[in-house]
Each structure stands twice: as C-alpha cells, then as structure tokens.
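Examination of the molecular architecture
Each chain, written out:
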Amino acid sequence: MSRSNPNRGHMPISQAVAEELNVRGMTRTSPVLIRIFKQEAELEVWKRDGSGRYALFKTYPICNYSGDLGPKVREGDRQSPEGFYQINMSLMNPNSSYYLAFNMGFPNQFDRSYGRTGSHLMVHGDCSSRGCYAMTDEAIAEVYAIAREALQGGQESFQVQAYPFRMTARNMARHRNSPHMAFWRNLKEGHDHFEVTRQEPQVDVCERRYVFNAVAPDSPLASGGGGQTREMIAADPWAGQRSPGTARAAVTTSATPVPTSLNQPVTTMAPVTRAAPTRSVRARFTAVGEDATPRPNFQAAGRCPTYVVPAPIRQAVAAKNARDMAQVASLSREVEAAPARSGIDGGTHRRFADRFAHRQIRVGSSEQTFSLASQESTPVTLVSARSPVAATQPQAQTAAATPSAPPAAAPASQTATAQAATPAPQGNMTVPTSLALAPVPQPSPLRTTIAQRQVGGVMPSGVPGTAFAPVEPVSPQPQQAQGNWFTRMIGRTGTSEPTQSQAAAPPAQQ
C-alpha cells in the first residue's frame, strides 16, 4: 500500500471481501451504516442483507482517538466527536494525507445549535489523532471501499453513529456521574431505535436535542398502519434461509493478504447471487423512509413541531429503555462510578497498546468482551399492522393518533434509580422491570487506563504483521492476596520501594 498511489481511492473491493459479502447475503452496493464506540475503540460496518435490514458485517479496531469521553465542543479541544452524522460523496477524501479518509461532517445541526466549532474531523488512516478517529491504512482502505461502493450504488448518504461507549446498562451505570449523561441518554435513544428496527433511524434536531423516526400526526405510519412500518429482525436474521445442520465456521478467503476484523466466526451459507438494484435517483433508506406524507419542519434551536413516532417503534424503544434503566439502577449499587473527567488524552484498541507506552491513554474497555448478542441488545418483537395483537393494537393506535412533542431531556443530576422507578406505560404492554426477566451481566475486572501496566499478559505486545490478527481472549489478572486497592491495581504487594518503571507511571486520573 502506497500513499503516493493516485488511484488508492478507486481501488476495488478485494476478492476476499466480495466473497464474504456474498456469503452474508449482501452486495457491493447494498446500503451501509457505521457505528463507532469510543471507549472500546471499535468501528462497526453494517450492511443491508437479503432481508432488507442491516446486519453487522465487520468490526475494526481503532488505532487512536483523542480527548476524553464526551462531545467535541470547540476547535482545538482535541475531542473526537460524538453524535449522528450523514456522509455523502462530497465528504469522501481519496487524496488524504492519511492514506484515505472521510469527513464526519462536524459540526452538524445539533452541534451548531450549541455553538460548537471544529473542522476537518475525519475517520482516516495512520495512527495519529487530534480530534479524529484514526484507523490503520489497511483498515481504512477496506472501510473506504465498502462505503464508496454503497454511495456509487445509489445510497444518498450513509450514517455514522458515534457513541462514547457501548450503550450497555453496565457502562451507563459506570458513567452515571458524568456531566454528559443527559446527552448520552439522548444518544442512547437513537441507539435503541436502531437496535429494535435494524434500520437507519431518521434523525432530526429540535430544542437542541436529537429526535428519531418522527413522522407527521396524519401519516399512515403514525399508528403502524398501512403495512409499511418495518418489523425488526428476528433473533436469527437467517431464519428460514439456513439449511438444517449448517455448521458455524470462519469464512474462507483467498490467499491474498487482507486486513481481518475482530469478528467471531460467522455462519457459512451457500453463495447467494443477487443483482444490484437499479435506482435512477439517490435514496435514503431509513425506518420511516416510505412515508409519503410531508414531514414536520424541524428547527435545531427552535420549538419542536407536532410529530409522533410510529407506535410499534415507540413502544419497543420504551420497553427496551425501561429494562435497561432497571439494570442501571441495580448495577449502580455495585459498580464503582468512573470519574467525571479521567484526565486521559485519547484511547486505543488494546491490540495497539504498545504504541502508546509513553502516554496516559485509555486502552480497550472496562468490559472484558464485546458482543452484539449481549443481553442489553436482546431483540424486541415489534407490533405492526402485519402482525396484529388484539390486546394492544387498538390502544397503540389511539396513543399514536394523539400528536405529542418529545419529552424534555432529563437533567444530568437525575439518578438512575428515579428514572427506572416510573417507566412510561405502553398501552396494555407490561414493561418488565424484574431483574429475573433481565439478567444482569457478571461484573468484569476493571481494565487499565495506564498503558504502562502490561504485566501478567493483560496487554499483548505488538508484533509486526499481526495488528489485525483475530483477538485472543484476555485472561483477567489474578487477584493479589495482599496490599490495598492501589497496590493490587498496579500488580504489587507489600511496602517495598517501587521500581523505576512504576515510579514513572502517570497517575490514573488528574
């Protein structure tokens, strides 16, 4: 790979990626969506498959982002942005100094409503960031090609959802004291819309907050009527399409060296050949994209117009949020709160930790493993006109027919317990709040925020040529029997003098 190659932005998708797309029932030009999780330093590429819904294609490690958890506020604050951004062809940069890049479009309407400033916030190659999300050249080459093919195939723009962390109950409980919690709860609302629909959420801004999947009160989608509101995917997106007894195995690729992702082995299917859809005009593919009714007029800093969220989506999102908040309330009693400001400038995926041994930088995540199949993301069956439920549909339609403005953002000081104690009623739906119905994940050992703590195999040392090797399970460091919490954290016991490397290690927080 050469940065002097003038055609690097037009390199075709590799044969290995094309084969994997085919196996997963996706095409080169099928719509794409990207999610970024800052704390875990991971970037996900989602593609529409044969079911018409988005499915996870690959997860890539992020080599470096800068700043702390939280939104970008002003030019020069070294913060990587968080929020919802639309990327069209004009924001793709095939001539980037960092091999390839696409501009995130910061500031968007939400950012401008707060007077936030910044420019040239990119997802790019290399491994250096001053407000960007930096991949390796090999990773950005693959991500760029996949996104470019979707845009050239007719997708008007693809959505980038940038989150501070995976929006699990445990992470929400850990960061409960953050001054950004009200903002993060607004982001989680959009996250949940995607989780329950597996469709790109329609994003608007009013009263300086994000609004998702809003339609006019007189829209046929308002009550889930017309058979147009899309139901979410089942727990198994290949249900009805997989042959009985098909084994799970890694996808076979060609001998050509290509970057691999952090994916677990995927289900292998017989190759599926689908012709790319012919589209004469560019289109947005959102959960409410089939709505022919004129949309409400949203002004980012103005009052919200009268709008409704389609009843099936609204009910499923509210039910999921009620379950999550019940877990947050329970976990807040046992999970230590993270400092409001960690004093850490940036982060990296643990695979690249050895590159930042001289800096105080966040490495990996507080969670030991990452999985979309976690209990916080359990699919919720939507109720729609195509699958009516006699006990709930009439009442759901009545509720959806009443125009309503979105609720005001919850203050940051509101406790998780108070939020979980009064879940909103959902028609005749009983919102489960029992922890027996929503099992709590087991606590994971606190992962390091100081890159120098590389004892006991916690952080694998870098080996040239293995930056994209499959992630090996990381065994938790054995518990020390002596010493206080600080000596156990740095792997020492007793009262002997610290070694030179330990004495030079920066404090965990400022």
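This section reports on the structure supplied with the text. Keep in mind that this is a model prediction, so the values were computed, not measured.

Here we look at the nonpolar core
Judged by nonpolar contacts, the single largest core of 61 residues is most densely connected at Leu43 and Phe158. For this core, the leading source of residues is helix H3 (residues 137–152), giving nine residues. When neighbours within four sequence positions are excluded, Leu43 is seen to be in contact with Ile34, Arg35, Ile36, Lys58, Thr59, Tyr60, Ile62, Val123, Met135 and Val143. Counting residues in each nonpolar core, the second largest holds twelve residues, with Cys206, Ala214, Ala287 and Ile313 among its members.

Side note on the pairing of strand E11 (residues 203–206)
Each regular strand displays side chains that alternate between the two surfaces of the sheet. Across four bridges, the pairing between E11 and strand E12 (residues 209–212) is antiparallel. The residue bridging Val205 from the neighbouring strand is Tyr210, located in E12. Counting the residues in the hairpin turn of E11 and E12 gives two residues, including Glu207, whose phi is positive at 50°.

Focus: the pattern of salt bridges
When their charged atoms lie close together, side chains carrying opposite charge are able to pair. Evaluation of the coordinates by the stated rule reveals 21 salt bridges. Of the charged contacts, one joins Glu20 and Arg24 as a salt bridge, the two residues approaching to 3.4 Å between their closest N and O atoms. This pair shows no difference in class: Glu20 is buried, exactly as Arg24 is.

So, unusual backbone geometry
The residue after Phe106, namely Pro107, is reached through a cis peptide bond having omega 0°. Examined against the element boundaries, Pro107 turns out to sit in the loop between strand E7 (101–103) and helix H2 (109–113). The phi dihedral of Ala41 is positive, around 55°, even though this residue is not glycine. When its relative accessible area of 0% is taken as the criterion, Ala41 is described as buried. For His120, which is not a glycine, the phi torsion comes out positive at approximately 55°. Relative to the assigned elements, His120 resides in the loop between H2 and strand E8 (122–124). Residue class for His120 comes out exposed when judged on its relative accessible area of 59%.

Here we look at the sheet that holds strand E1 (residues 32–37)
In spatial order, the strands read E3-E2-E1-E10-E5; together these five strands make up an open sheet with mixed pairing. Every interior strand has two partners, whereas the edge strands, strand E3 (54–61) and strand E5 (83–87), have only one. Here the average twist between neighbouring strands, direction ignored, is 20°. By the bridge criterion, five bridges tie E5 to strand E10 (residues 158–163) in an arrangement that is antiparallel. Looking across to E10, one finds that Phe84 is bridged to Gln161.

As for the packing of helix H5 (residues 181–197) against helix H6 (residues 311–331)
One way to put it is that H5 packs onto H6 with a least axis distance of 9 Å and a crossing angle of 120°. When the axes of H5 and H6 are compared, the pair comes out oblique. Between H5 and H6 the crossing geometry is right-handed. Where H5 abuts H6, its residues Arg185, Lys188, Asp192, His193, Glu195, Val196 and Thr197 lie against Ile313, Ala316, Val317, Lys320, Asn321, Asp324 and Met325.

Cut-offs applied
- Residues numbered from 1 in each chain as written.
- Predicted model: local features only at pLDDT ≥ 70, side-chain atom pairs only at ≥ 80, totals over all residues.
- Heavy atoms only, no water.
- Core = buried A, V, L, I, M, F, W, Y, C linked by side-chain atoms within 4.5 Å.
- Buried < 20%, exposed > 50% of the residue type's maximum accessible area, 1.4 Å probe, protein only.
- Helix = DSSP H or I, 4+ residues; strand = E, 2+ residues; numbered from the N terminus.
- Contact = heavy atoms within 4.5 Å.
- Pairing = 2+ DSSP bridges.
- Salt bridge = Lys/Arg side-chain N within 4 Å of Asp/Glu carboxyl O.
- Axes fitted to C-alpha atoms, helices over the stretch in contact; angles between N-to-C directions.
- Parallel < 35°, antiparallel > 145°, perpendicular 65-115°, else oblique.
- Left-handed = near helix turned anticlockwise from the far one by under 90°.

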